[in-house]
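# Descriptive structure summary
So the chains spell out like this:
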2 protein chains.
Amino acid sequence: MVDHYTIFEQDNHIWIGESSYDPAFEAKTESLFALCNGNIGIRSVSMLPSLYGKRGLYASGLFHQAHPSEVTELVNCPDPVECRVTADGIKLSPDSPWLESYRREFCPDTAELRFSMIFGLPGKRRLEVRETRLVSFANARLILQKISLKSLAGDFERLELTSLLNGQSMNEGVSHFSEVICRVYDREVMHLEARLEEETLSLMQICCGNREEDGPPLYALFRRGISEQTALSLKEGEERIFLRCSSLMVRKRREDNIYEQREELKDAARKGFDFLQEKHRYFLRMHQKRCEYRIEGATLEERAILSFARYHLLGMMPWNRTDCSIASKGLTGEGYRGHVFWDTEIFILPFFSLHFAEQSRNLLIYRYHGLAGAREKAEQFRYQGAMYPWESAADGREETPRYAALNIHTGKANPVWSGLKEHHVGADIVYAIRQYVDETGDRSFLKEYGYEMVFEIAAFWVSRAVWDPDRKQRVILDIIGPDEYTEHIDNNAYTNYMAAFCVKLALEYLKEAEKEAPDICRRLKTEQQKTGWEQFLREIYLPVPNEDGIIPQDDTFLGKEELPDIRKYREAPVRQTVLRDYSRKQIEEMQVLKQADTVMLLNMFPTLFTPEVVKKNVRYYEARTIHDSSLSYCAHALACAAIGEKKLAWKYFQNSLHIDLNDRAPDSVDGIHGAAMGGIWNCMEQGFAGISFSGGVLSVNPHLPDHWKSVEVTLQVQGKPVLVKVTHTEVEVTTPTTEGDELAVAVGGTQAVLKDHLNLPL
Amino acid sequence: MVDHYTIFEQDNHIWIGESSYDPAFEAKTESLFALCNGNIGIRSVSMLPSLYGKRGLYASGLFHQAHPSEVTELVNCPDPVECRVTADGIKLSPDSPWLESYRREFCPDTAELRFSMIFGLPGKRRLEVRETRLVSFANARLILQKISLKSLAGDFERLELTSLLNGQSMNEGVSHFSEVICRVYDREVMHLEARLEEETLSLMQICCGNREEDGPPLYALFRRGISEQTALSLKEGEERIFLRCSSLMVRKRREDNIYEQREELKDAARKGFDFLQEKHRYFLRMHQKRCEYRIEGATLEERAILSFARYHLLGMMPWNRTDCSIASKGLTGEGYRGHVFWDTEIFILPFFSLHFAEQSRNLLIYRYHGLAGAREKAEQFRYQGAMYPWESAADGREETPRYAALNIHTGKANPVWSGLKEHHVGADIVYAIRQYVDETGDRSFLKEYGYEMVFEIAAFWVSRAVWDPDRKQRVILDIIGPDEYTEHIDNNAYTNYMAAFCVKLALEYLKEAEKEAPDICRRLKTEQQKTGWEQFLREIYLPVPNEDGIIPQDDTFLGKEELPDIRKYREAPVRQTVLRDYSRKQIEEMQVLKQADTVMLLNMFPTLFTPEVVKKNVRYYEARTIHDSSLSYCAHALACAAIGEKKLAWKYFQNSLHIDLNDRAPDSVDGIHGAAMGGIWNCMEQGFAGISFSGGVLSVNPHLPDHWKSVEVTLQVQGKPVLVKVTHTEVEVTTPTTEGDELAVAVGGTQAVLKDHLNLPL
C-alpha cells in the first residue's frame, strides 16, 4: 500500500498528491508527476529553487554525445519553469524554514500539476504561492504555468517574481551546449538559443500579469541565461496572478521558423490560461476516448494507478513521428540515458496496437531506420542480416555503453554484457511487427518496411545458431536472455523460441513478399536463404519441460544451487541489494533471476504449453525471481491471468501497480518505469479482460479478479472504435455497424491463435 | 560599519564570523572566507548541501576553454568537501527547517574556517554538526576537514555520513572535463581523475574516524563521482570525530606521480588533524613573519580587515611558480573568469615587493612568458613591440572576451572595448619592473627578462602615438584609461604619462643593457630605435594642470556636463546602477568616473605635482567618481596619505576597508577584490606609515591617522628583515647588523625619488 501519496477524487477526476514536503521523495515525485505530451517532458520540480530535486526538460529524440568518452544521451534542455520569489528580501523555497504547508498534486486524468505552498513570514504575515502547470496536448511545444501570489495575512511591500530561462542545465555534470545565446523580443518575449552540434534549441517565454503600477519588468542576462523580474506590493487578502507561457522548439535546420514560434507564443499568451487549459484538455480527451476504460468494483487506488499508467503511456509517445521511439523512462528522467530498449516493442507497443495502431506503425518505422545500424552491428560481430542494438537513441545504432563504471577497487572497467550478448531485441521487434500486421492487416507497412526487417532479423538468427554434434541440433550459445542475472548461458529458452518464431514468420511472409515486394527479395537474396531458414527450423533446439514439467531456462540453470534467503532481497527497500552480498559470478552460479525470463516466453506464447505447465513454471521461476527489474511483476501477472490463475495474477498485478507509486523513496528518481506502465495496462486489458486481436478476430477471454464486477474498454480496431464490456459471466462487444464490414469476435480460449501460428514440434 | 559580520578575538587571534544563516549572504561569505594557499583555493561553502551557495575549488593557473564560443577560464575543479549527513532518515542542510543555530567563522590569522550547526530534530533530539577546515600552507595540495557529530540531546539510531568526491562541478553551466574516472585504492583512498585537454586533475581523499562497530564504509560510484558512507549510532552526549584529508594535484604529464600523491595523503591521514594543523600554522607563521605588523590604537575592525587583507594576499600568491600569476579574484571565485589584469602589477605586487621580492620576480617572469602573446597582439593591431593583453590566463595571451553579452533587446553583440582600447597594462608592467629592480637591485632579472620587456613595451608606445599637426606634439588617440566609464578618449593623462615613463626608462636601461645584454639589444635593434625613443620623449603631449589646478583627464573631459545626482549611484547598494539609467554613450558624454584615473597618476608619481595640485585634483575627481570599481577608494586613500591629507586619506581608507567586508550582500559573490586587498595594505604601509624603498634607500615618511598611536611593520629588504616603527613623531628602523652591509634610511619627503626619476618637463 502507498502511504506517501494520497489519492482522491475532485470534479470527477482522480488526483494523486503529496501533502507535505519530504526531501527524501523529492526526486521520485518529480519523475512520477512529470508532465509529458510525447514531444516534451518536464519533471515536476518546484518552480522555486529546491535542494533535493533534479530539474529536467527533455525533447523526444533529442540526443547528444558530449565527449567521445561519454554516452549519447537524452539532452537535459534549458529550464523554463524555474522562478524565484522573494518577499521583502526573504528568498522562498520549499526547503526554507518559513514553509508552513505544502501540497503537490497531479491529475493523471487531465495531465495537470499543481503546487500550493504557504510561507509564514516575520511579522505574522502569510504568503501563499500557488502554481498550476501543464504541458499542452494541444500544442506540442507549449508549457504553461499559472502562478498565484496571495497574502493570507499582512502586507508585503516588495515581492519580487523573477522568471528565468536557464541554460546552465546539465545531465549529471555534463553540459551539452556549445553556446547559449539570449535576448528579448519586443520587450515581451524572452528567447534562449542553445546550440548542439546539429540541432539548436529555441526556448521562448512570455510572462503576463504585470500591471502598470509595478513598473516595467527588468530583464537581465546571466551566463547562459536570461531573467525577467517584476516587483509588486501586496496588501492583506490581495492576490496576483501571472501566466508564464513557454515554448520549446528543436531546430534541425537554421530555417526552422523562429518567427512563427514567437507569433504562436504571443497568440497563446493573448488567449490566456483558461482558454489554453480547455484546449489542452480537449485534445487530451480526444486521445483518451480511444482508450477509455471503466472498472466496476476496482478500488480507488487501482483506478488511480490505471489512470496514471494510461497518462504516462500517452505522454511518452512521440505522436506522428517516425524518427524516434520511446525511452525506457519516457520523458520523465535521465535513467538509461533516454535509450530505447525491447521494453518498447514488448511492453509498451501492445497498448498502442489496440488503441493507436498508426502510432505502433511509427514506432516500427523507427526500427526500420535503424536497419543500417543493425546491419553494421551484425557485421561487426560477424553475423548475417540485422543484429538490433540492445540500446538505441537517435539513429538506431548501438548505444549501450561498452563499459559500466570501473570496478571501484581494482580500477578495471566492467564490460556491459547486455550490449554484447543480449540479442533477443531483434526477435522482439519481429514479434511486434507480427502483432501490428495481424491487427491492422497493413500490407503496405510490410512492403515498405516489415518484410525487410523480418528477413534480415531471421538471417541474423540463422547465422547466430551453431551445430551441436552431440545434440545433433542447432544451438544458441553464450547469450543473455531477458533475465540479466545469468549472463553467459547456452540455449536460453526464451531466445531459442523467439529465434525460431522469427525464422518461421520470415518463411511465412516470404510467400507473399515474393509477389508483393520482389525487389526486396531480390536484394536480400531470399531465394538463396530460404533453404537455410527451413533447415534452421528443422534443426533448432527448443527446450521442452522436464519430467517435473519445468522448462529449463537454459542448459545449466536447473542444475544450479538456489540462493539462500532470497526473501531478504525481494523485500529490500532498494533494488539489486543482492549485488552487495554476491559477485556477479556467484549469482550466475545460482538459481536466481532478476526478472521474468521463461515466464516471458509463456506470456508471449500463452498456449504453447498446457495450462498446468504454465502454472508450474510461473510458480517455479517466480520463487527464484527477485523482481529487481520493473519488467518482472507485470509479466508474471499477465502470464497468470491468461491461464486463469486469478489469485496469482492478482498478487503480481498488485505488485506491478506499485513499481512507481510506492513508498520506496529511491525508486523512480531517474524516471518512471515505462515498461511497467505498459505492463499494468496490458494486464488489465489483455490479462484480466482477456482481450486480444489477431488474424482479424477479436478474442475476449476474461478472468476478472473477484472484486472487479466488470471492465469496459474502448479499443480502436482497424480504425473503428470497439467497446468491449466483460463481467464474470458475460462478454459484450459493441461496434459501429457499417454495412459489409463486420468484426469477427471469439469468446474464450482464442489465444490459441498464436499457438497455431508458431506450430512448432513440442 | 559592518553589521552582518561580527569580529572578535579568541586565543590572540582575530575571527570574523556569521552568527546566523542568511541565504542572501551565502555566496558572498563563501568568497570572503575562502581558504587559499596560493596553489589551491576553496570557497567556504558548507560541507552540507545548501541552496544558495556556489561550490568552487580552483587551482592556480588551471585554465581551460570548453568551447570555441566560450572564454578561457579558471576551471572549477571537482568538489572534495561536500558531504551529506542524514539523522535517522532526515537530510541535514543549513536550509532545512530543523536548523536551530548556525555559526560560520573564519580566522584570517590562522587561515582556518569553522562551522557549527545545531539541528533540533523530532523527539526533542538535538544534533550538533561541526567542521574545522583548512587548506594547508605546509602542503600545497592538502585540504583538511575535521568533522564532529555530537548528540546534544537524545539518541540517534542511524546517522549516515557520506563523503563525496564530486566531478559534476561546473563553471556556471559549463563543464570542462571530457572524462571523469573514479576508484578506491586499498579500500581507503577514494580517487577521482578529471581530464582536460592537456591536464588531468587527480583528487584523492581519505576519511578517518570509522570504528569497527560501524561496519566497513560503503563505497559507491555515481556519474562523475564517488562516495563513501559510514553509518553510526550516537547516544545522548556522545561525540564522533572524523577527519577528511583531500589532496588535489594537477597532472600536466601522465608521469606526474599519483603513487607519491597517494602515499603522501596516507601519511598525512596517519599523522592526524592536530599535527597537520600545527604544521599548517607553522608554515603560515613563516610567511607572516615576513609581513608582521602591529598598530597601536587601531580599532578591532581595522586590525581584522588588515589581517584579512594580508591573509588574502598570501592566499592568492602562486608561491615559487613562474607559469601563472594572480587573478583579480585570487582563488576565491569565478569573477572575470580568473583572468589576470593590471591589478596584479599595480595594486598587489607592491605588497610582495616589500616582503617577498622573489615572488614579485616570479610574477614578472610570468609576464615575460607572455611576451609572445603581447607581440602577436601588437602585430594584429599594427603596432611595434609588445602590446600586453588586457586580460590574460595561462599563456599570457589576450583573453578578454571579444564581445560581452548581447544587447538584450536588439540581439546585437556589445564589443568589450577594454580588450581593444585599454592599453596601459604594458606600462603598468614596466612600472612594476622598475619598482622590483629598484628595491632588489636584481640585475640578473633585467638581463634575463626585464630589458626585453621594457624595450618592447617602449617600442609599442612609440608606435602607438601619432603626430598632431595642430598641437605640434605627439598624441595618443582613441584610448581607454583606468576609468572605464570613458571609453573613446584622446590623451588620457594617466596613459600619456605612463607611456612617457616607459620610454624614458627604456632609454635609461639601454645604457646598461648595451653592456649587460648586448644580444638582446642586437636582437631588438635598440640602436636603431633609440633616436625614435628620444624624439618621442621630446614630443609626447603631457597634460598639465589648468588655471584651476586641474589636470585634464583627457582632451574633452573638463568640457563635459556633470552627472546630476551622482550621490544616488555612489550610495546604491548595488554597483553600476548608473548603467540602468544611462546608456554607455550618455555616460561617456558626462564628467563621471567609474574609478580613480588621474588620481592613479598622482598615486604612482606622488611628487610629480605640488601637494596643492594633488589635493585639488583628488577632490575634484573624487567628487565625480562613483567608485563602481574596487580599485578606486584605495587609490584615493593612498594618494591622500602620501601628501599628508590625513582626513581625506582616512575617509577613503575606511571605504576601501569595506570593499568586501560590508553589508551589501551582492558584493563579492564571485570572489573577493584582490586589488582592494593590496590597496588596503599599501595604504597602511606605504600611505600611512609612509614606507617606500627605492634606489637602495628606505624612505619613511609617516602620516598616521590621529587615533593610531604607532605602526610597526617588518619588511624584507634585500633578503633581510627590517623592522620599521613609526609614531606620530618618531621613526625607528631596526635591521640585523651585518658588517659592511648597511641600509640607507631617509626620513620624510623621500618619495621625491620617483619625481627625480621621471623628470619630465612640466
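Refer to the preceding data block for the structure.
Summary of the structure given here. (Residues numbered from 1 in each chain as written. Chains lettered and ligands numbered in written order. Predicted model: local features only at pLDDT ≥ 70, side-chain atom pairs only at ≥ 80, totals over all residues. Heavy atoms only, no water.)

## Quick word on the interface of chain B and chain A
By convention, interface size is frequently given as the accessible area that disappears when the constituent parts associate. Opposite the 44 residues of chain B that make contact, chain A presents 44 residues. Between chain B and chain A, a total of about 4000 Å² is buried, with carbon and sulfur atoms accounting for 56% of that surface. Three residues, Arg223(B), Ile408(B) and His409(B), lead the burial of chain B against chain A; their summed loss comes to 21% of the area buried on that side. At the surface where chain B touches chain A, the tally comes to eight salt bridges. We note a salt bridge from Arg223(A) to Glu172(B), for which the minimum N-O separation is 3.6 Å. Joining chain B to chain A, the criterion identifies 21 residue pairs in polar contact (both at pLDDT 80 or more). (Contact = heavy atoms within 4.5 Å. Buried area = accessible area lost by both parts, 1.4 Å probe. Salt bridge = Lys/Arg side-chain N within 4 Å of Asp/Glu carboxyl O. Polar contact = N/O pair within 3.5 Å; in protein donor to acceptor, adjacent residues only side chain to side chain.)

## Section: a nonpolar patch on the surface
Taken together, Tyr282(A), Phe283(A) and Met286(A) make up a surface patch of nonpolar side chains, about 290 Å² in accessible area. Given the relative accessible area of 34%, Met286(A) is considered partly exposed. (Patch = residues over 30% accessible without salt bridge, like charges linked within 9 Å, V, L, I, M, F, W, Y side chains within 5 Å. Areas by Shrake-Rupley, 256 points an atom, 1.4 Å probe, with all protein chains shown as cover. Buried < 20%, exposed > 50% of the residue type's maximum accessible area, 1.4 Å probe, protein only.)

## A word on the packing of aromatic side chains
Remark: the centre distance and the inter-plane angle together describe each pair of aromatic rings, the angle taken between the planes. Inspection of the entire model under this criterion finds 76 aromatic pairs over all chains. Seen from their ring centres, Phe33(A) and Phe106(A) are 5.4 Å apart, and the 20° between their planes marks the pair as stacked. Here Phe33(A) is found in the loop between α1 (26-32) and β3 (35-36), whereas its partner Phe106(A) is found in strand β10 (residues 99-107), with 73 residues between them in sequence. Its relative accessible area of 0% is what places Phe33(A) among the buried residues. Centroid distance Phe653(A) to Phe688(A): 5.1 Å. Interplanar angle 90°. Geometry classified as edge-to-face. With a gap of 35 residues between them, Phe653(A) in helix α20 (residues 646-657) and Phe688(A) in helix α21 (residues 674-688) connect regions that are remote in the sequence. Classification of Phe653(A) as buried rests on a relative accessible area of 0%. Ring-pair connections join several aromatic residues into one group, and the members of that group are Tyr293(A), Trp319(A), Phe351(A), Phe352(A), Phe356(A) and Trp681(A). Over the aromatic face of Tyr541(B) sits the side chain of Arg471(B), whose NZ or CZ is 4.1 Å from the ring centroid. (Phe/Tyr/Trp six-rings, centres within 6.5 Å; stacked < 30°, edge-to-face > 60°. Helix = DSSP H or I, 4+ residues; strand = E, 2+ residues; numbered from the N terminus. Lys NZ or Arg CZ within 6 Å of the ring centre and 35° of its normal.)

## Quick look at the relation of the copies chain B and chain A
The pair of chain copies shares a relation made of a rotation about an axis and a shift along it. Screw-axis analysis of chain B against chain A gives a translation of 0.0 Å along the axis, an RMSD of 0.1 Å, and a rotation angle of 180°. Here the symmetry operator amounts to a two-fold rotation axis. If distances are taken from each C-alpha of chain B to the rotation axis, the shortest is found for Pro97(B), at 1.9 Å. Taken together, the interface assignments show that 100% of the residues at the interface of chain B recur at the interface of chain A, consistent with an identical surface on both copies. (Least-squares fit on C-alpha atoms with pLDDT ≥ 70 in both.)

## As for α20(A)
Residue and element names in this part refer to chain A. The first and last C-alpha atoms of α20 sit 16 Å apart over twelve residues, in line with the 16 Å expected at 1.5 Å per residue. Buried within α20 are the following residues: Leu648, Ala649, Trp650, Tyr652, Phe653, Gln654, Ser656 and Leu657. Considering only its buried residues, α20 is in contact with α4 (300-316), α18 (611-623), α19 (632-642) and α21. (Expected span 1.5 Å × (residues − 1).)

Geometry only, nothing functional implied.
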